[in-house]
Every structure is written in structure tokens, then in C-alpha cells.
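# Observations on chain architecture
This is what each chain is made of:
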Amino acid sequence: MASLKGPGETQIHDGSNLRIAIVHARWNIQMVSALVAGARKSLLASGVREENIVVQDVPGSYELPFAVQRMYTSSQIESSNNPTGPISAVTDLLSSASLTDLTMPEPTASSPQNSSKSSTAPLATPFSAIIAIGVLIKGETMHFEYIADATSHGLMKVQLDLGVPVVFGLLTLLNEEQGRARAGMDGGHCHGEDWGRVAVELGVKRQVWAEGKFS
């Protein structure tokens, strides 16, 4: 039976002007690593430059909200200390280029955005979006429920408080087989790829909204 789940029709956005962070837990690291790889794959395919993808890890999923909060704050400090960066990190307008056209052509194998090589320096702007990735598997105690609930609410609070998109890459599973399937480890679709595309879409739209525009 075909699954009806997913973000709908794939939208292609130009991520060449974005800086994206990925923060992931180390629990269930094989599945997490596959999900992180999927997210990176989508980011690169969307034009995000290799040097503008920052990856950090934390011990477990419970630590993700704090890590996301501090990573974004650190990127704001970095931006304010950068003499060539934006004057005010509060405005967080990450680009002086026109953002009216949100889409980009479908990438091909020869497209520049698929190359990890770049002669330009990495951006020193606040992160455009942050992807939080973790894998929780239900055990014999209430630990699973407490961690899943606290982490979910924590990530939502962080993105609303800071005004930066936080992509929810937390898998809450009943068993390891469910995680392997969703990480694409058994030949199926890797959900990390969806999270990468979501980060680019929200990062681009956030720039447009910051200019008081909607398209």
C-alpha cells in the first residue's frame, strides 16, 4: 500500500545564499548518520555550498533543543563580529540579492550546485535554518515518552523564540526496523532528504518574509 505521508510535491529552491546547521544526537548513531547524510545530500542538491553546512553532535535527543538554541545564538555573535557581515544580526537579512524568485531549475549532474568545490569563503551570517536530528526507540519504561515529549516541545519553543526555522528530524519509533526503513538503510526513502529540502525552503521563505514580501 502506497504511503500518503510526506511534504507533498517536491519544491526546488535555490539554497546557494543560505547557511544551514545540522545538529544530531549520537544515540542510535547508525540510523542518525544515514539521516544526516540524506539531509546533506538534499542541501547540496539545492545549491547550499559545502562550506555553509555546519554539523554538530550532542550526546542524546534531550540535548537537541539547547544545542539548537546555542548554535543559533553563536552564529548571531559570529555575524556581529564579522566586519563584512550584516550591520545588525537582529534584522538577519541574509542576502542583498533579490529574493522574489524562490525557485530554481531542477538540478542536473553537471549543475554547479552539485559540486562540493567552491572558491568563495563560507558565510558568516546567522543560520538560515537548523535541522535537529535524533532517533528515539521505545523501551520498557516511560523514558521514551518523557524524552520524546520534552524534545518535541523544546524544539518548537526554540524556533518560535528565536525566529529561525528548526526542522523536526526526530524519529520516535517502536522498534529499530522502523528506523532503518525511515533512514533509507534497507533501500527505501531516507527521510533526511526531506528535512534538507524543508530547511532550504523555509530558509528562503524566511528571507522573503523578513523583507515584508510574500513572493
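Rules behind the numbers
Residues numbered from 1 in each chain as written. Predicted model: local features only at pLDDT ≥ 70, side-chain atom pairs only at ≥ 80, totals over all residues. Heavy atoms only, no water. Helix = DSSP H or I, 4+ residues; strand = E, 2+ residues; numbered from the N terminus. Buried < 20%, exposed > 50% of the residue type's maximum accessible area, 1.4 Å probe, protein only. Axes fitted to C-alpha atoms, helices over the stretch in contact; angles between N-to-C directions. Parallel < 35°, antiparallel > 145°, perpendicular 65-115°, else oblique. Left-handed = near helix turned anticlockwise from the far one by under 90°. Contact = heavy atoms within 4.5 Å. Pairing = 2+ DSSP bridges. Nonpolar A, V, L, I, M, F, W, Y, C, P; charged D, E, K, R; others polar.

In this structure, asparagine 28 is a non-glycine residue whose phi angle is positive, near 55°. As for its position among the elements, asparagine 28 is in the loop between strand S1 (20-25) and helix H1 (29-45). Residue asparagine 28 is classed as partly exposed on the basis of its relative accessible area of 27%.

Take the packing of helix H2 (residues 64-80) against helix H3 (residues 143-162) next. Orientation of H2 relative to H3, taken along the N-to-C sense of each, is 20°, at an axis distance of 8 Å. Between H2 and H3, the angle falls in the class roughly parallel. Crossing angle aside, the handedness with which H2 passes H3 is right-handed. Packed against H2, whose contacting residues are Leu64, Pro65, Val68, Gln69 and Tyr72, the element H3 presents Thr151, Gly154, Leu155, Val158 and Leu162 at the interface.

Read across the sheet, 4 strands follow the order S2-S1-S3-S4 without closing on themselves; strand pairing throughout is parallel. Two strands bound the open sheet, and with one partner strand each, they are strand S2 (53-58) and strand S4 (166-173). Mean inter-strand twist for the sheet, computed between neighbouring axes without regard to direction, equals 15°. As defined by bridge partners, S1 adjoins S2 across 6 bridges and the pair is classed as parallel. Residue pairing across strands places histidine 24 opposite aspartate 57, the latter belonging to S2. Here H1 sits on the sheet in contact with S1, S2, strand S3 (129-137) and S4, set at roughly 155° to S3. This element, H3, spans S3 and S4 of the sheet and lies at about 170° to S4.

Glancing now at the packing of H1 against helix H5 (residues 191-210). For the pair H1 and H5, the least separation of the axes is 6 Å and the interaxial angle reads 40°. Here H1 lies oblique to H5, going by the angle between them. In terms of crossing hand, the pair formed by H1 and H5 is right-handed. Facing Leu35, Gly38, Ala39, Lys41, Ser42 and Leu43 of H1, the residues of H5 in contact are His191, Gly192, Glu193, Trp195, Gly196, Arg197, Ala199 and Val200. Here the contact of H1 with H5 is built from residues that sort into 6 nonpolar, 5 polar and 3 charged.

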